[in-house]
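Remarks on the overall topology
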Amino acid sequence: MENGEKIIFENGKLKVPDRPIIPFIEGDGTGPDIWRAAVRVMDKAVEICWGGKRKILWKEVLAGEKAFRKTGSWLPDETIKAFQEHRLGIKGPLTTPVGGGIRSLNVALRQKLDLYACVRPVRYFDDVPSPVKNPHRVNMVVFRENTEDVYAGLELEAGTDKVKTLLSYLEESFGWHIRPDSGVGIKPISRTGSRRLIRAAIDFAVSRKRKSVTLVHKGNIQKFTEGAFRRWGYELAREEYPDLTVPWDQVKESSGDSRIIIQDVIADNFFQQALLRPEQFDVIATTNLNGDYMSDALAAQVGGIGMAPGGNINYQEGYALFEATHGTAPKYAGMDKVNPSSVILSGAMMLDYMGWHEAAKAIESGIGKAITTRKVTYDLARLMKGAEEVSCSRFAEVICANMAGE
Ligand code: NAP
């Protein structure tokens, strides 16, 4: 391998050398096909923008089926260490081991690196088949809290001794009578966890000159968890961004105010408004379960999860892992068939996070132009009139050619 340097994190900022080493997990199932396509596009974008001056030195690390085959572990310690050492990484989809000790490799990676913000940009590329009439009106970036809520893994199975102990404690101490044959889960939402996530969303909105941050919650019913998330959001904006933000009820129409509007909406209303008037939402900050549902619903609105990128980020320590949002699509494994856009656009997010904005823009524009040529993978071709179906690797070539202006 050529000599590369480590990305470091100093004084709250990433320092990216011209030849950074970046670990990657190629992924299971269709992962290797997608990864080959994605790395080609990312390398080409960097080459177009900086010639040979900048170059990513990729370092393969193992997780999933390949790791299990080679090492007997689904998630070797060396993989976690590599992400810690190099700060950033990117991954293809991973098979969730059935019946093993690990609930999900993705959840395990997020927990070990405390990647508290799941960031999912949702935008429309012209000509992508969409189930809604005006998909171009959707342009949002969802910041989903990634470590708390019902995802904390605090669940007890119905009928077990542990759940019986908990239920009798709740009856005795709080007078809460819960049916004895219940399973029980705990939903922690902390001020610390909420504030760091909302801070990430506001920082992003400020740096990208976005219009608003919307806190999406279910606080009308769950007052001390979801309701508190909302309250802590307004409190944080008031305390830490007094000059840069303004709560929605203090906005004066046509005042030319460029401050970021802080607003909130109840989750069920968000789903209907996102279909009816999506342009009223910009940056979104939300709790874990709401964010899970919302990210996929919004992705479907602009053309499906084959196109949706994602990043899991700890802004306080710089750690970040970018990933395909779809699964391994095992029935297409090794067929060089599926759409590589999700990992490619996740790569663009990674380049953007590194400060290599030009390369990120080149990729987005290359994908946009490639789609308008109507030479696309099967998932888009089957819904686009007059489209020519091309393989996963060919689609990467079409993107590269469009980035290079060929
Ligand atoms: P999936 O792999 O996402 O596949 C479901 C369907 O989505 C596919 O059959 C295909 O639809 C479409 N699809 C997925 N990726 C595509 C792509 N790149 N291009 C075009 N279409 C694509 O979901 P699954 O079958 O439920 O899960 C399979 C495995 O993946 C499981 O082990 C699961 O745990 C894992 N998984 C991993 C992640 C992750 O690592 N982030 C996320 C979700 C699931 P058509 O059949 O219509 O062609």
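These numbers come from a predicted model, not from an experiment. (Residues numbered from 1 in each chain as written. Predicted model: local features only at pLDDT ≥ 70, side-chain atom pairs only at ≥ 80, totals over all residues. Heavy atoms only, no water.)

**Some thoughts on unusual backbone geometry**
- One non-glycine residue with positive phi stands out, namely Lys209, at about 50°.
- Residue placement: Lys209 occurs in the loop between α6 (191–207) and β10 (212–217).
- Phi at Asp336 is positive, roughly 50°, even though this residue is not glycine.
- Looking at the element boundaries, Asp336 is found in the loop between β15 (320–324) and α10 (341–353).
- What makes Asp336 partly exposed here is its relative accessible area of 25%. (Helix = DSSP H or I, 4+ residues; strand = E, 2+ residues; numbered from the N terminus. Buried < 20%, exposed > 50% of the residue type's maximum accessible area, 1.4 Å probe, protein only.)

**A short note on the sheet that holds strand β13 (residues 283–286)**
- Within the open sheet, the 11 strands sit side by side as β4-β3-β5-β15-β14-β6-β7-β13-β10-β12-β11. Their pairing is mixed. The strands lining the two open edges of the sheet, one partner per strand, are β4 (57–60) and β11 (245–247). Direction aside, the axes of adjacent strands within the sheet are offset by 25° on average.
- Strands β3 (21–25), β4 and β5 (88–91) of the sheet are contacted by helix α1 (residues 31–50), whose axis makes an angle of about 160° with β4.
- On top of the sheet, α10 reaches β3, β4, β5, β6 (117–123), β14 (309–313) and β15; it is set at about 160° to β15, its chief contact. (Pairing = 2+ DSSP bridges. Axes fitted to C-alpha atoms, helices over the stretch in contact; angles between N-to-C directions. Contact = heavy atoms within 4.5 Å.)

**Structural notes on the side chain of Glu145**
- The topology assignment puts Glu145 in strand β7 (residues 139–145).
- The side chain of Glu145 sits in the buried core without any salt bridge; Arg196 is the nearest counter-charge, 4.6 Å away.
- Side-chain polar atoms of Glu145 contact the side chain of Thr147, separated by 2.6 Å.
- Within the structure, the side chain of Glu145 is placed 2.7 Å from the backbone nitrogen of Glu148, a separation counted as a polar contact.
- Leaving out residues up to four positions away in the same chain, Glu145 has contacts with Tyr116, Gly193, Leu197, Thr286, Thr287 and Asn288. (Lys, Arg positive; Asp, Glu negative; His and termini not counted. Salt bridge = Lys/Arg side-chain N within 4 Å of Asp/Glu carboxyl O. Polar contact = N/O pair within 3.5 Å; in protein donor to acceptor, adjacent residues only side chain to side chain.)

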